[in-house]
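Analysis of the macromolecular model
These are the residues of each chain, in order.
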Amino acid sequence: MREIIHLDASDIEIVESFFEPLFCDKGQILEAENKPVKYLYFINSGFIRIFYNENGNEQTTHINCPSGFITSFNSFINGTISNENIECITYCEVLRITKNNLDILCGKSQKWTDFARIVYENSVIYNEQRTKDIMNLSAEARYLNLLKYNPDIIQNVPLQYIASFIGIKPESLSRIRRKLIS
């Protein structure tokens, strides 16, 4: 938060009182499909993905890394059943907060409200760009963008998740990678 907004000691104390630390193993499911999502997660370390099952195939919709928030936002905000799973790709250290506590926190801290607005705006911009990229860029260009803007994901996330995230089959990603190396 300090990278985005100035915080004093009382702001930090308020935020810390609402977030719960959690240490998660690789492969741990934080939120399972067919249930309402309980938490919003802030990633201190590790990599987390959101995926859903379609005809027996996992489709990765989001991959997040440290200093990012992740959850199934529709379910978290509206309290509805989620069709998504949230899984730790690596060992992760996260902070989590319930929707009720998030609402209370926003009521107690204007700085948190300002921070949350900035994060929300950045998320909307990111998702709009991601949608445009999937619709307009080639698979190779989508991979190159990921390599340029998120090299940590390339280095820490299994290729099958990366392939799904950029909307291609693992075999196609292997061909793209071989072409780029040669």
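In the block above lies the structure referred to throughout.
Here's a quick rundown of the structure.

What counts as what
Residues numbered from 1 in each chain as written. Predicted model: local features only at pLDDT ≥ 70, side-chain atom pairs only at ≥ 80, totals over all residues. Heavy atoms only, no water. Pairing = 2+ DSSP bridges. Helix = DSSP H or I, 4+ residues; strand = E, 2+ residues; numbered from the N terminus. Axes fitted to C-alpha atoms, helices over the stretch in contact; angles between N-to-C directions. Core = buried A, V, L, I, M, F, W, Y, C linked by side-chain atoms within 4.5 Å. Buried < 20%, exposed > 50% of the residue type's maximum accessible area, 1.4 Å probe, protein only. Contact = heavy atoms within 4.5 Å. Phe/Tyr/Trp six-rings, centres within 6.5 Å; stacked < 30°, edge-to-face > 60°. Lys NZ or Arg CZ within 6 Å of the ring centre and 35° of its normal. Parallel < 35°, antiparallel > 145°, perpendicular 65-115°, else oblique. Left-handed = near helix turned anticlockwise from the far one by under 90°. Nonpolar A, V, L, I, M, F, W, Y, C, P; charged D, E, K, R; others polar.

Our focus in this paragraph is the sheet that holds strand S5 (residues 48–54). As summarised here, the arrangement of the four strands in space is S2-S9-S5-S6, forming an open sheet in which the pairing is antiparallel. Strands at the two margins of the open sheet, each flanked by one partner only, are strand S2 (29–31) and strand S6 (57–64). Here the average twist between neighbouring strands, direction ignored, is 35°. Across two bridges, S2 lies against strand S9 (residues 85–88) in antiparallel orientation. Bridging across to S9, Glu31 finds its partner in Ile86.

To continue, consider the pairing of strand S10 (residues 92–98). As defined by bridge partners, strand S1 (residues 20–24) adjoins S10 across five bridges and the pair is classed as antiparallel. Across the sheet, the residue bridging to Leu22 is Val94, located in S10. Across six bridges, the pairing between strand S4 (residues 39–45) and S10 is antiparallel. Directly across from Ser45, in S10, lies its bridge partner Glu93.

Here we come to the nonpolar core. Core analysis: the largest hydrophobic core is formed by 17 residues, its most contacted members being Tyr143, Leu146, Ile153, Val157, Ile162, Ile166 and Leu173. For this core, the secondary-structure elements that each account for two or more residues are helix H5 (139–149), helix H6 (151–156), helix H7 (159–165) and helix H8 (170–181). Non-local contacts of Tyr143, meaning those with residues more than four positions away in its chain, are made with Ile154, Ile162, Ile166, Leu173, Ile176, Arg177 and Leu180. Listed in part, the 16 residues of the second largest apolar core include Val37, Leu40, Phe42 and Phe115.

The next subject is the pairing of S4. Burial analysis of S4 places five of its seven residues in the buried class, the great majority of the element. Of the pairings in the sheet, the one linking S4 to strand S7 (residues 68–70) comprises three bridges and is antiparallel in character. The residue bridging Phe42 from the neighbouring strand is Phe69, located in S7.

The next point concerns the packing of aromatic side chains. Going through the model one piece at a time under the given rule, you end up with six aromatic pairs. Ring geometry for Trp112 against Phe115: centres 5.2 Å apart, planes inclined by 45°, an arrangement best described as tilted. Of this pair, Trp112 and Phe115 both sit in helix H4 (residues 110–136), three residues apart, roughly one helical turn. Classification of Phe115 by relative accessible area gives buried; the value is 2%. Through a chain of ring-to-ring contacts, three or more aromatic side chains come together here, namely Phe19, Phe42, Phe69, Trp112 and Phe115. The lysine or arginine in question, Arg96, covers the ring of Tyr39, its NZ or CZ lying 4.0 Å from the ring centre.

Now for the packing of helix H1 (residues 9–18) against helix H3 (residues 99–108). Packing of H1 against H3 brings their axes to within 10 Å, and their N-to-C directions diverge by 165°. What the angle tells us is that H1 and H3 run roughly antiparallel. Taken as a pair, H1 and H3 cross one another with a handedness that is right-handed. Residues Ile14, Val15 and Phe18 of H1 touch H3, and the partners they reach there are Asn101, Ile104, Leu105 and Lys108. By residue class, the composition of the contact of H1 with H3 is five nonpolar, one polar and one charged.

Note that all results are geometric; they support no functional claim without further evidence.
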